[in-house]
Amino acid sequence: MPGFERVALLGRLEAAWQRSDLIFDLLDPKALLVRPIALRQPFIFYVGHLAAFAWNQVIGGLLARASTHAELDQLFARGIDPVGVDAWKPEHAQQWPEYSDVLRYRDRVRLAIRRSFDDVEALVGSDVLAANGRVYQLVIEHELMHHETLLYMVQQLDRTLRRHPPRLPEPRFGGGATQGQVGIAGGRVVLGESFEQVPFGWDNEFPCIETEVDGFRMDRTAVRNGEWLEFLESGGYLRRELWDAEAWAWRERVGHTHPAFWSRDGERWMYHTLFDSFPLEEVADWPVYVSWAEADAYARWARAELPTEAEFHRAAEASGVAWGDSSRGNFDFTNWAPTPVGAYGGDGALDLVGNGWEWTRSRFRPFPGFTAWARTYPGYSADFFDDQHYVMLGASWATDRALVRRRFRNWFQPHYPYVFAKFRCVRR
């Protein structure tokens with residue numbers, strides 16, 4: 001029975017760990033117990049969480065070995081979906097271990113993972129988690145997804161608690177593609193994939209299904225900051241008729257009156273990136289990052305709709321999207337910030353992949369025939385099939401290349417404004 005590409009998998013693990021360490025090094029030590037987003041854990045949790053997840057999947061899960069640090073395995077086992085704010089108790093802030101102890105835990109886990117390959121490979125013929133090294137790929141992609149989560153948390157952190165890394169790419173301004181719409185013919189759309197046809201995928205990516213969509217017209221580019229300013233200045237945040245009941249109640253409750261990455265400086269709007277701030281007019285051609293609820297309100301204002309998941313894929317196919325080619329889009333940390341819309345060129349609808357995840361109006365639901373194939377992580381998707389989450393597709397600048405594939409599905413709640421998520425409208 002053939003094994004798996006252990007050298008390649010170990011290399012990917014080491015690369016993911018290296019980037020995790022780089023991201024945590026962006027923090028002043030005083031930031032470790034800070035929660036810049038109230039619906040997320042403090043940063044120290046994620047240092048331990050990434051290690052605990054790896055242990056609980058590979059060593060404790062697949063290999064079924066007893067832990068020598070069970071308390072930490074449990075403490076760091078699972079984060080918070082933003083809807084579950086009550087799951088986090090403020091008194092936990094006094095219960096976190098010393099950071100040095102968390103780092104020792106992380107290093108012990110990494111060493112155990114490095115030493116586990118022989119034992120996992122011995123199970124290739126009898127366990128779906130071992131076949132193709134799936135359990136390692138699960139750990140790697142989980143780590144990569146958290147890189148993006150951590151970075152939008154860092155972006156909300158007080159600037160005195162962030163460390164600017166050296167040699168970041170210079171931001172790109174101006175030169176966005178012209179506005180307009182493109183016609184997308186109706187036809188057959190393939191969603192998902194057959195489990196047997198690919199070496200790895202998350203459970204919600206399977207199985208392969210086909211559906212039909214009618215023709216539609218789609219915005220050539222994502223909505224830009226400059227266009228969003230028109231919506232804002234027209235009173236878009238104050239017009240009750242543009243928001244559904246839950247979205248309006250959320251907006252009223254939290255006092256949300258502008259995108260999370262904007263702020264007011266006297267008479268001028270400012271736009272904040274991970275480490276810099278710019279007058280809004282300088283980044284007018286960058287895509288606006290907003291919550292689903294805001295995007296939906298804008299679409300109503302524009303007398304349009306957000307696309308469905310199937311329509312997005314139909315448009316991607318019609319536009320010749322090259323999934324995973326970072327020369328064709330702003331992802332995989334090529335730029336540590338947005339770029340002007342359409343900066344990478346192309347035909348049809350531009351930037352469908354890269355420069356920000358794209359909201360759809362499709363609720364996150366399983367494809368017919370769904371199976372939670374990873375017994376060590378049965379709730380990865382199933383816990384969120386609650387009709388309270390919407391599908392996002394594509395990628396942002398902080399999405400690793402490994403996650404940029406046609407069948408990868410991201411999802412978030414409609415009232416969560418911190419994700420690097422853009423949108424565009426469709427009309428029929």
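(A) Focus on the overall build of the protein chain. When its secondary structure is counted, the protein chain shows 11 helices and 12 strands. Expressed as lengths along the three principal axes of its C-alpha atoms, the size of the protein chain is roughly 60 × 50 × 40 Å. Here the protein chain, with 428 residues, has 55% of them falling under the buried criterion. Partitioning the contacts of the protein chain with sequence separation of at least 6, the portion at a separation of at least 24 is 80%. If you sum the accessible surface of the protein chain, you get close to 17800 Å²; carbon and sulfur atoms cover 49% of it. The positive charge centre, built from 48 side chains, and the negative charge centre, built from 58, are 1 Å apart in the protein chain.

(B) Structural detail: empty space enclosed by the protein. This structure, assessed with the given rule, holds five cavities of 30 Å³ or more. What the largest cavity holds in volume is close to 140 Å³. Taken together, 14 residues form the lining of the largest cavity, with Val321, Ala322, Arg328, Gly345 and Asp351 sitting closest to its centre. Its residues assigned to classes, the lining of the largest cavity comprises eight nonpolar, three polar and three charged. Approximately 80 Å³ is the volume attributed to the second largest cavity.

(C) Representation of the pairing of strand 1 (residues 181–184). In strand 1, alternate side chains face the same way, and those of Val182 and Ile184 are buried while those of Gln181 and Gly183 on the opposite face are not. As paired strands, strand 1 and strand 4 (residues 216–219) are joined by four bridges and run antiparallel to one another. Paired with glycine 183 across the two strands is arginine 217, which belongs to strand 4.

(D) Region of the structure containing the confidence of the model for the protein chain. Averaged over every residue, the pLDDT of the protein chain is 94; residues scoring 70 or more account for 96%. In the predicted structure, residues 81–93 sits below a pLDDT of 50 and forms 18 contacts with residues beyond four places in sequence or in another chain.

(E) Layout of the side chain of histidine 313. Its place among the elements puts histidine 313 in helix 10 (residues 309–318). Discounting residues that sit within four places of it in the chain, histidine 313 has contacts with Val189, Leu191, Trp323, Leu393 and Arg406.

(F) Layout of the pairing of strand 8 (residues 356–363). For strand 8, a buried count of six out of eight residues is recorded, marking the element as mostly surrounded by other parts of the structure. Relative to strand 9 (residues 390–395), strand 8 runs antiparallel, the two sharing five bridges. Paired with tryptophan 359 across the bridge in strand 9 is methionine 392. Bridge count for strand 8 against strand 11 (residues 421–422) is two bridges, and the pairing is parallel. Across the sheet, residue tryptophan 357 finds its bridge partner in strand 11, namely alanine 421.

(G) Quick peek at helix 8 (residues 245–254). When helix 8 is considered as a whole, its buried residues turn out to be Ala247, Trp248, Trp250 and Arg251. Taken around the axis of helix 8, the buried residues stretch over an arc of 160 degrees, which confines them to a single face. Of the residues in helix 8, the exposed ones pointing more than 90 degrees away from the buried face are Ala245, Glu246 and Arg253. Those residues of helix 8 that are buried lie in contact with helix 9 (292–301). Positive phi shows up at glycine 255, right after helix 8, with a value of about 70 degrees.

What counts as what
- Residues numbered from 1 in each chain as written.
- Predicted model: local features only at pLDDT ≥ 70, side-chain atom pairs only at ≥ 80, totals over all residues.
- Heavy atoms only, no water.
- Helix = DSSP H or I, 4+ residues; strand = E, 2+ residues; numbered from the N terminus.
- Buried < 20%, exposed > 50% of the residue type's maximum accessible area, 1.4 Å probe, protein only.
- Contact = heavy atoms within 4.5 Å.
- Areas by Shrake-Rupley, 256 points an atom, 1.4 Å probe, with all protein chains shown as cover.
- Lys, Arg positive; Asp, Glu negative; His and termini not counted.
- Charge placed at Lys NZ, Arg CZ, Asp CG, Glu CD.
- 1 Å grid on protein atoms, 1.4 Å probe; cavity = no way out; pocket = protein on both sides within 12 Å on 5 of 7 lines; lining within 4 Å.
- Points joined across faces, edges and corners; volume = space filled by probe spheres on them.
- Nonpolar A, V, L, I, M, F, W, Y, C, P; charged D, E, K, R; others polar.
- Pairing = 2+ DSSP bridges.
- pLDDT = per-residue confidence, 0-100.
- Arc of directions from axis to C-beta.

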